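# Reading the structure
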Protein chains: 12
Amino acid sequence: MSKLIYVLNGPNLNLLGKREPEIYGSETLADVEARVRRKAATLGLEIEFFQSNYEGAIVEKIHEARERAAGILINPAAYTHTSVAILDALNAFDGAVVELHISNVHQREAFRHHSYVSARADAVMAGFGTLGYELALEHFK
Amino acid sequence: MSKLIYVLNGPNLNLLGKREPEIYGSETLADVEARVRRKAATLGLEIEFFQSNYEGAIVEKIHEARERAAGILINPAAYTHTSVAILDALNAFDGAVVELHISNVHQREAFRHHSYVSARADAVMAGFGTLGYELALEHFK
Amino acid sequence: MSKLIYVLNGPNLNLLGKREPEIYGSETLADVEARVRRKAATLGLEIEFFQSNYEGAIVEKIHEARERAAGILINPAAYTHTSVAILDALNAFDGAVVELHISNVHQREAFRHHSYVSARADAVMAGFGTLGYELALEHFK
Amino acid sequence: MSKLIYVLNGPNLNLLGKREPEIYGSETLADVEARVRRKAATLGLEIEFFQSNYEGAIVEKIHEARERAAGILINPAAYTHTSVAILDALNAFDGAVVELHISNVHQREAFRHHSYVSARADAVMAGFGTLGYELALEHFK
Amino acid sequence: MSKLIYVLNGPNLNLLGKREPEIYGSETLADVEARVRRKAATLGLEIEFFQSNYEGAIVEKIHEARERAAGILINPAAYTHTSVAILDALNAFDGAVVELHISNVHQREAFRHHSYVSARADAVMAGFGTLGYELALEHFK
Amino acid sequence: MSKLIYVLNGPNLNLLGKREPEIYGSETLADVEARVRRKAATLGLEIEFFQSNYEGAIVEKIHEARERAAGILINPAAYTHTSVAILDALNAFDGAVVELHISNVHQREAFRHHSYVSARADAVMAGFGTLGYELALEHFK
Amino acid sequence: MSKLIYVLNGPNLNLLGKREPEIYGSETLADVEARVRRKAATLGLEIEFFQSNYEGAIVEKIHEARERAAGILINPAAYTHTSVAILDALNAFDGAVVELHISNVHQREAFRHHSYVSARADAVMAGFGTLGYELALEHFK
Amino acid sequence: MSKLIYVLNGPNLNLLGKREPEIYGSETLADVEARVRRKAATLGLEIEFFQSNYEGAIVEKIHEARERAAGILINPAAYTHTSVAILDALNAFDGAVVELHISNVHQREAFRHHSYVSARADAVMAGFGTLGYELALEHFK
Amino acid sequence: MSKLIYVLNGPNLNLLGKREPEIYGSETLADVEARVRRKAATLGLEIEFFQSNYEGAIVEKIHEARERAAGILINPAAYTHTSVAILDALNAFDGAVVELHISNVHQREAFRHHSYVSARADAVMAGFGTLGYELALEHFK
Amino acid sequence: MSKLIYVLNGPNLNLLGKREPEIYGSETLADVEARVRRKAATLGLEIEFFQSNYEGAIVEKIHEARERAAGILINPAAYTHTSVAILDALNAFDGAVVELHISNVHQREAFRHHSYVSARADAVMAGFGTLGYELALEHFK
Amino acid sequence: MSKLIYVLNGPNLNLLGKREPEIYGSETLADVEARVRRKAATLGLEIEFFQSNYEGAIVEKIHEARERAAGILINPAAYTHTSVAILDALNAFDGAVVELHISNVHQREAFRHHSYVSARADAVMAGFGTLGYELALEHFK
Amino acid sequence: MSKLIYVLNGPNLNLLGKREPEIYGSETLADVEARVRRKAATLGLEIEFFQSNYEGAIVEKIHEARERAAGILINPAAYTHTSVAILDALNAFDGAVVELHISNVHQREAFRHHSYVSARADAVMAGFGTLGYELALEHFK
């Protein structure tokens, strides 16, 4: 039986491919979802793909994952730096957690260098563009 | 006529009793609500019991309390450390405010030592477990 | 054809005129909206007026503005100091942005001296009371 | 057989009810002792009640408690913020420890926001006035 | 009888329109003075317009305003960030004070984010270009 | 009837004139007491002169002063920088308080630049040597 | 032959007695000068009394003192906290230097707690009101 | 023609598999090299594999890469946090740079949270164990 | 004639061997005293052995040493981190001073990394257990 | 035609050779001017030599240089560390700027380690004594 | 069979006895080695004595010790404060580690107060001069 | 007899002229050496010219200079900011030391604003390009 992985995307990622393409590239989030699903198929993983601009909605999606998922791949976007609530939700999740950023956040404003999520994530990846989603999935194999 | 107290619970507290029981104990939030209601009855208090994972929903519940409640007992959970919006909502509330944490936040990560809510709360309590809800109610007598 | 300006208001501003009138004055948000609409008419501007207590809702309103508006006048209230998500949404908006605070935030608590939004706003205004909304509109002429 | 609880009070608390009544109320320390003893009786607890202005005397009283007491309820007053010696003494005590402050220290000067004692206390309570002593006793039940 | 407003300009503003036009625009200080006088006329205000590169001269101009003016509109330029003397002079002035910056200082070097003057100013405005002088005058109506 | 002034001296001042004379001069504390008493006589003041190396003893002497003295002249020595307990005791005293240091503490180690006592003292004096005691007494006239 | 003492007063002190009398009292600087001259006469000191709102003017007055004066009594006012130039000028002066503040600066804003001048002053005095000028003169006897 | 990638390993990585296996796993660096070479073959990449405990040797290996390599995959180990020399060498390299850490450095001591190398790296990866080397290679495809 | 060495022990050391043996070992302070006396005999040193929980008592014991002792071996325990009074007392002592900690304080909480006493001690030793007392004595030979 | 270089000297430099010769040497500013003029002649440069103790006067001299000079050699002395106004004036100057300090400021008080001027200067030189003026001129060749 | 102890010395210690004798004394490193070997003989220890100015060489010597030595006595000199690589190497060593400094580093520049090595060392000793090497050996008995 | 000067160059300077020419210019280190030798000849100085990427090698070259050289001109490059070992080596050198940076380090990343070497250097120079080497030599005349 295949493992279920939650792929969670934070605020403004619904604009992917539409804003600041020099930072984030021109693929849309739908493109990313397609890539992720194709890659998952080759790894024998199932995918629940989700995006929200609401901190509370992401918290609740993580709660849902507790009963269903073997792992969470999360791109917390802006909530990386400000959300203790998402950290606490992840702390209540027993599976593997991978944190992903499309751009290299270490080269942007200083406030983007700190991540609450990293304190819980098993692995962290930044700057690999949308390819990162595919690479990160291999962690769950 | 009995006084109405709002008992507000922040993000992830819907998981109470289900996550990290060595920190939070094994009682569920429903158990806590039952305890709170029993205790309130002995003190002649009425209870409005609420939990949300959304910062905005907690803000609006506090607005609602402005017209109805004599006091607010709030366990802001993760929003303790990040929400100026909840502080501002409480600043617009005239009654008594008690802030409660189930665990002793002072013994956890450094970012949990700061509370925006404490700047408004009349009293603060941490580490009494779920018994704290009952003790805190006495403040509103 | 007149230009469309989004006037966005953050958490607790629905209480305007009802809380701490010594800081915020006694006009309600509806009064402000009326002032804004009257002033806009004289400047040949159209107005979309919006308030929310949810960070996610404000983020999504800014997304909506990307397709429709020439400018955003935003009073982010408490989210000024805590929301990277709103900053990121504004970074994805191409038009003019003005940040407004009714009171002089520089005279309040130290945490209110920092604004994430100012890093994107073209202009910032604080302490002009509700008159500030009218003055700020002139920036979009 | 009833459990023995040490109730320890730090510097200047002998002035309780005589200084700054707007902060500390008008009850004297003798009044507090009476309340504590009445409450303890209802809980089946015995009380050793003590106050000193000397850091060394409080340290030694905690040493004494090691052999005799099941718990310590301590209002360290000014030594909260400056005494590593009291922290070390409490670290050498095996029973339950509750830290209590009559006023909400989080609303006073910044140096009062840090407590050495909280690193050892099982629970902390501030701002409940002298009622706090009674509430805190329930922790030892 | 019309009210007298002092419009005070700090160091280097005599170069306005001559230096870094991409930041400060191409209007000269004389152009600004003309705009200010025209706008003042429509508001029934009289103007005393002044610029100095000397901290002491600005301090003394503020002293002079104490006897004569109903308000001060000040662009302290570099002294914004370094002059306690100007703050103290403004503290001795009873009328309304508006602080103005032509560019959005929050987007420049970190040391430009702090203003001594804001601690006294009733209102602050930055990034509106030279239009800001006109808008600010409306505060004194 | 003459006013009573408490002249309180903190730790190590019993060594005055015996240690580091290049910093503290060669007068002993007894010499200082004699100077103080002579000067007080000319000002119509009575003196209670006290020195202790115990923080608790100084706290209690201040308590005693509450009932008896019109003012306190205190050289808190090392406790200047570390004692919240002495600050709290002085906060409970209603009369005038002058803080005195024999040497100019601002020119010594950085930790000597901060004084808890200054938050309560009406006046502060440092570097006047033992003459400072005489000068400070004039404040109580 | 009597010794000459320069009594230097920094910015805004020309307003003494006219601004914020609850902080600075109601005596004018002319009243202070008169007090100083009377006191100096009793001590056999001559006085050069000076006030300026210009940092440069105070620097040059200190240069002048190098050839003429045995001591400097300086109330640097706002320049206390911002002027390295005055510190450097005092470093080039060989006589005694006393720094004086009328109010207790340690109880005002944090930026007023640091003095560049204290690094050079032999003695420092704050909070004695205008009486401080007389007391400080005794240091030069 | 295949692209050449330099895979550089910093101090103590020669001990891989021999020290702290609970953090770093039980594979040796030779095992990693074998994995890397196998993976590179599938991607059409050539590999230069290198480890040194000397900062200077790593700097010089990067210089060598300037003429020969299309990319650098570097696990700087301890030098991540202390070497500006390696950063400067990488700044002089024109190809792609990926920074890799076997463990999640964000969960270790605070000094391990800062990386000089991240300021130059195009992408960063931490916590994927030795699998990370394979994943990172895909960036160079 | 043999030299006299004062061996001073700070707060809670009277519990040595009774508390936290995994940190401090199982020897009591009496055991340590016996070791110290035996070792001193072999080195031709005389010993005054003292422990107190009172900062003031330690200060006074150091004063006593000024007339009698050639050296001080001090384990200031908690007062290491908080006592300027003990530092000042040691500054008034002319002989050799050795500071000793039984455990390696550098591996405990951050506030234990700073020692006021080290600013005066000629030598410092931590983590040698009770053997450290013997080793330190050799410094006085 | 020879190039004109402004050589500007900040506060207290008129005392050069007269104060603290162990730091600044025994040459006077007139000596320095003579050296500078001799050296300039050999390099085909013309010199405008200026000193002021007034920040405003230095600002205005820099304004004057905008129309006339090819370069500015500035020894800002105390204003190095405190003057944003001088930085802003230099920002409005298009030619080359060299910052010079006679002593090595990096070895003096910490506040002398920061220079506002360095943010604009093309080159900086400290500790070469008055020879530095000659060396710096070569930059303008 | 005797135990082998590695005695490792960091950069510049080859100059011992040749530089700054007022800080480090006049014994050379060869003298120290001789002392260490004599003392070791009395304790039944064997010694490997090593000095290097290269961080990498010290790292590799510690690797070598992993297979051979029962303990490491290390004087890391300048690398104390800057080398994470040495800390990591020591973390991979299972035996006892003692850190030694000849002078009392706590009385030198602030950057010398922090030691990376102390986080791993079992014991630390500073200020005992070259005698410290002998004392420290006793730890390995 | 001519004086010998060591000209030492830190890591990555072997790439001079080959990397980031917009910052460092297009001259190679060999070109610089030629310039230095020509200039030295005119000043009657002999030159030992050296570059290394190894901190340890630079330390040892400074040791060598102790016996042979009258002065050291050092461009420590990246080790400026990280090497206490080089500082300590220079502290053991008795001759003159000049620190040189080709670019103005004060305008680059914040970590480049601090220099360990400046604490020992007699003079410091930055931003004069490769001309700086020639200018600096004049210090040794």
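This one's a predicted model, so the numbers in the text were calculated from it and none came from an experiment.

Definitions and limits used
Residues numbered from 1 in each chain as written. Chains lettered and ligands numbered in written order. Predicted model: local features only at pLDDT ≥ 70, side-chain atom pairs only at ≥ 80, totals over all residues. Heavy atoms only, no water. Contact = heavy atoms within 4.5 Å. Buried area = accessible area lost by both parts, 1.4 Å probe. Salt bridge = Lys/Arg side-chain N within 4 Å of Asp/Glu carboxyl O. Polar contact = N/O pair within 3.5 Å; in protein donor to acceptor, adjacent residues only side chain to side chain. Helix = DSSP H or I, 4+ residues; strand = E, 2+ residues; numbered from the N terminus. Nonpolar A, V, L, I, M, F, W, Y, C, P; charged D, E, K, R; others polar. Pairing = 2+ DSSP bridges. Least-squares fit on C-alpha atoms with pLDDT ≥ 70 in both. Buried < 20%, exposed > 50% of the residue type's maximum accessible area, 1.4 Å probe, protein only.

## Let's talk about the interface of chain E and chain C
Taken together, the contact between chain E and chain C spans 20 residues of the former and 20 residues of the latter. For the pair chain E and chain C, the summed buried area comes to about 1,600 Å², and 56% of that belongs to carbon and sulfur atoms. Summed over the three residues of chain E that lose the most area to chain C, namely His106, Val124 and Phe128 of chain E, the buried surface amounts to 30% of that side. Linking chain E with chain C are 0 salt bridges. At the boundary of chain E and chain C, one finds 12 residue pairs in polar contact (both at pLDDT 80 or more). Every element with two or more residues in the side of chain E that touches chain C is listed here: β5 (123-126) and α6 (131-137) of chain E. For the side of chain E that touches chain C, the element with the highest residue contribution is β5 of chain E, accounting for 4 residues. Per-class residue counts for the side of chain E that touches chain C are 11 nonpolar, 6 polar and 3 charged. Judged from the 3 bridges that link them, strand β5 (residues 123-126) of chain C and β5 of chain E form a sheet pairing that is antiparallel. Residue pairing in the sheet places Met125 of chain C in a bridge with Met125 of chain E of β5 of chain E.

## So, the relation of the copies chain F and chain I
Related by rotation about an axis and a shift along that axis, the two copies of the chain form a pair. If you rotate chain F by 120° and push it 0.0 Å along the axis, it lands on chain I with an RMSD of 0.0 Å. Classification of the inter-copy transformation places it as that of a three-fold axis. Minimal C-alpha distance to the rotation axis in chain F is attained by Thr82 of chain F, lying at 4.1 Å. Interface residue correspondence from chain F to chain I reaches only 19%, placing this contact among heterologous pairings that use different surfaces.

## Examining the pairing of strand β5 (residues 123-126) of chain D
Residue and element names in this part refer to chain D. Of the two faces of β5, the one lined by Ala123 and Met125 and the one lined by Val124 and Ala126 are each fully buried. With 4 bridges connecting them, strand β4 (residues 96-101) and β5 associate as parallel partners. Looking at β5, one finds that Leu100 is bridged to Met125.

## Focus: the relation of the copies chain E and chain C
With an RMSD of 0.0 Å, the fit of chain E onto chain C corresponds to turning through 180° and sliding 0.0 Å along the axis. Taken together, the rotation and translation describe the operation of a two-fold axis. Of every C-alpha in chain E, the one belonging to Met125 of chain E sits nearest the axis of rotation, 2.2 Å from it. A share of 100% of interface residues in chain E that are also interface residues in chain C marks the association as one of identical surfaces.

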